[in-house]
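Now for the letters of each chain:
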Amino acid sequence: MSDRDSDLLLVEQVRAGDKQAFGLLVEKYRRKIVRLISRMVRDPDDMEDVAQDTFIKAYRALPQFRGEAAFYTWLYRIAVNTAKNHLASRNKALPTVSDQAVNDDDEPDERLVAQEVGTPETELISKQAAMAVNEAVEALPEELRQAIILREMEGLSYEEIAETMNCPIGTVRSRIFRAREAIAAKLRPILDTPEDRRW
Amino acid sequence: MQRSVQHTQQEDDTLSAFIDDELSEDMARTAIKRLAANRPERKRHAEYCAIGDAMRGLPFGQADLTDRVMAALEKEPTVLAPMRRAPDRRPVMWLAAATVAALTWGLWAAAPRHEPPAQVAAAQPGNVQAYLAAHEDYAQAVDTAPDMHYTRVSLTELGK
């Protein structure tokens, strides 16, 4: 299954009345959406509000989603329009840099420059989390590290990783899972959330 | 106990493979339903997503964004618009191809072969003459084809 097929299944599930399935889409794309919005909306508090509005608008518009474009492309356009409307309501112009970087007629541009996004508090959490992940990846046994890097950073499929590492696909699947578990163990203390959360 | 541990391992494997879009459609559907119904599984899903995003240099943002979105959605009416997937055209294509193949074969089988033409019974000159005489009024003035060797005669000649 492709990424697009997997998203379509989630959309199908939401449209069948399962709201929780929408949470999986939010979790999957929220950081990409926040980064996209951060190129237009500079205020960190507004950034998160616009991201939240984007997902709520997407949920409301879901019956109109036909699946002709990828879900993220569709969501990306909603995010751009929500950010533009937000700026218009505050009588603020779209920043010049963002004019070049964001074009709602184009496909999402993944070649983004890393930048500071968010409040000082979220910045700190981002830095701590990134450091914990980097350290955890470095500490992995070689075969797990290679598998997770090929998957997450190079975007290779299990079949391609199996060819690259000269091992069965089942082994790749197991290595990636074990790598994730090892990294998650280091990340949990930083991301730990209260028990009363809804999601 | 051993079996239970193996089961848990397999379940975790499945979630990781689901995130990587490496499950079949049926297995992905099962994984989605399980995730939707199981909070610890969703937490693990969120962790896996966060790991991938961190490795790609994405900012973490506020940890509770999903929580806030889901809280806001509680006030929203539930979307009930079952999705109509584009029909899979492959069976139709196969049917069309099979029909064309069957028609082609049928036409080929029914087409005349390049076999020697059946021998035409030798015409009796007398019979031909009588036939032509009987149908003279319907005869048209056409150029005689090279392989037509009949002679046109008139009734007066026949009467002689």
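What you see is a predicted model; the values in this text were computed from it and never measured.

### A word on the overall build of chain B
Then comes step 1: When helices and strands are counted, chain B shows 7 helices and 0 strands.
Then comes step 2: Its helices and strands in sequence order give chain B the pattern α-α-α-α-α-α-α, from N to C terminus.
Then comes step 3: Counting every position in chain B, which comprises 160 residues, the buried fraction comes to 31%.
Then comes step 4: Sequence-distant contacts, at least 24 apart, represent 36% of the contacts inside chain B between residues at least 6 apart.

### A word on the packing of helix α8 (residues 158–165) of chain A against helix α9 (residues 169–191) of chain A
All names here are of chain A.
Then comes step 1: Taken N-terminus to C-terminus, the directions of α8 and α9 make an angle of 100 degrees; their axes are 8 Å apart at the nearest point. What the angle tells us is that α8 and α9 run roughly perpendicular. On the side of α8, the interface is formed by Tyr-158, Glu-159, Ile-161, Ala-162 and Met-165, while α9 contributes Ile-169, Val-172, Arg-173, Arg-175, Ile-176 and Arg-180.
Then comes step 2: The residue inventory of the contact of α8 with α9, partitioned by class, reads 7 nonpolar, no polar and 4 charged.

### So, the confidence of the model for chain A
Atomic detail in the predicted coordinates should be set aside for any region of low pLDDT.
Residues and elements named next belong to chain A.
Then comes step 1: Here chain A averages 85 in pLDDT, while 83% of its residues score no lower than 70.
Then comes step 2: Across chain A, the secondary-structure element scoring lowest on mean pLDDT is helix α5 (residues 96–101), at 49, and the one scoring highest is helix α7 (residues 142–152), at 97.
Then comes step 3: Low pLDDT (under 50) marks residues 110–114, which in the prediction has 5 contacts with non-local residues, meaning those over four places away or in another chain.

### Topic: the interface of chain A and chain B
Then comes step 1: On the side of chain B, 62 residues touch chain A, which itself brings 74 residues to the contact.
Then comes step 2: Among the ionic pairs, A:Arg60 bridges to B:Glu76, the shortest N-O distance being 2.6 Å.
Then comes step 3: Listing elements by their share of the side of chain A that touches chain B, those giving two or more residues are α1 (3–15), α2 (19–38), α3 (44–61), α6 (120–138), α7 and α9 of chain A.
Then comes step 4: When residues of the side of chain A that touches chain B are assigned to their parent elements, the largest contribution, 14 residues, is made by α2(A).
Then comes step 5: Residues belonging to the side of chain A that touches chain B are distributed by class as follows: 35 nonpolar, 13 polar and 26 charged.

### Quick look at helix α4 (residues 71–89) of chain A
Then comes step 1: Along its 19 residues, α4(A) runs 27 Å from first to last C-alpha, staying within 8% of the 27 Å computed at 1.5 Å per residue.
Then comes step 2: Within two residues after α4(A), A:Asn91 carries a phi angle of roughly 55 degrees, on the positive side.

### Details of a negative patch on the surface
All names here are of chain A.
Then comes step 1: Together, Asp-43, Asp-45, Asp-49 and Asp-53 make up a region of like negative charge exposed at the surface.
Then comes step 2: Residue placement: Asp-45 occurs in helix α3.
Then comes step 3: Asp-45 sits in the partly exposed class, given a relative accessible area of 46%.

### Quick notes on empty space enclosed by the protein
Then comes step 1: Tallied over the entire structure, the rule returns 3 cavities of 30 Å³ or more.
Then comes step 2: The space that makes up the second largest cavity amounts to roughly 40 Å³.
Then comes step 3: Surrounding the second largest cavity, A:Leu9, A:Gln13, B:Arg29, B:Ile32 and B:Lys33 form its lining.
Then comes step 4: Elements supplying a minimum of two residues to the lining of the second largest cavity: α1 of chain A together with α2 (25–37) of chain B.
Then comes step 5: Tallying contributions element by element places α2(B) first for the lining of the second largest cavity, with 3 residues.
Then comes step 6: Looking at the lining of the second largest cavity, its residues break down into 2 nonpolar, 1 polar and 2 charged.

The rules behind these values
Position labels on residues start from 1 in each chain and follow its written sequence. Each chain is given a letter, starting from A, and each ligand a number, starting from 1, according to the order in which they appear as written. For a predicted model such as this one, the threshold for reporting local features is a pLDDT of at least 70, and the threshold for listing and counting side-chain atom pairs is 80 or more; totals across whole chains, interfaces and linings nevertheless cover every residue. Side-chain calculation: all heavy atoms of the structure are included, whereas hydrogens and water are not. Only runs of H or I of at least four residues qualify as helices and only runs of E of at least two qualify as strands under DSSP, and these elements are numbered from the N terminus. For each residue, the accessible area found with a 1.4 Å probe, counting protein chains only, is set against the maximum for its type, and the residue is called buried under 20%, exposed over 50%, and partly exposed in between. Any two residues having at least one pair of non-hydrogen atoms within 4.5 Å are treated as being in contact. For helices, the fitted axis covers only the stretch in contact; all axes are lines through C-alpha atoms, and the angles between them, taken along N-to-C directions, range from 0 to 180 degrees. Here is the rule for angles: anything less than 35 degrees is roughly parallel, anything more than 145 is roughly antiparallel, 65 through 115 is roughly perpendicular, and the remaining ranges are oblique. Lys, Arg, Asp and Glu make up the charged group, whereas Ala, Val, Leu, Ile, Met, Phe, Trp, Tyr, Cys and Pro make up the nonpolar group; the residues left over, Gly among them, are polar. pLDDT gives the predictor's per-residue confidence on a scale running from 0 to 100. By definition here, a salt bridge exists when the distance from a side-chain nitrogen of Lys or Arg to a carboxyl oxygen of Asp or Glu is within 4 Å. Expected span of a helix, by definition, is 1.5 Å for each gap between consecutive residues, and there is one gap fewer than residues. Patch construction takes residues with relative accessible area above 30% that form no salt bridge. Like charges are linked within 9 Å, and nonpolar side chains (Val, Leu, Ile, Met, Phe, Trp, Tyr) are linked within 5 Å. Using the Shrake-Rupley algorithm and a 1.4 Å probe, accessible areas are obtained, with residue cover drawn only from the displayed protein chains. Neither His nor the chain ends contribute to the count of charged residues, in which Lys and Arg are positive and Asp and Glu negative. One atom stands in for each charge, and that atom is NZ of Lys, CZ of Arg, CG of Asp or CD of Glu. A cavity here means a set of points on a 1 Å grid, drawn over the protein atoms and nothing else, where a 1.4 Å probe fits but cannot get out; a pocket is an open set with protein on both sides within 12 Å along at least five of seven lines, and a residue lines either one if it has an atom within 4 Å of a point. Grid points are joined across faces, edges and corners, and a volume is the space filled by probe spheres set on the points.

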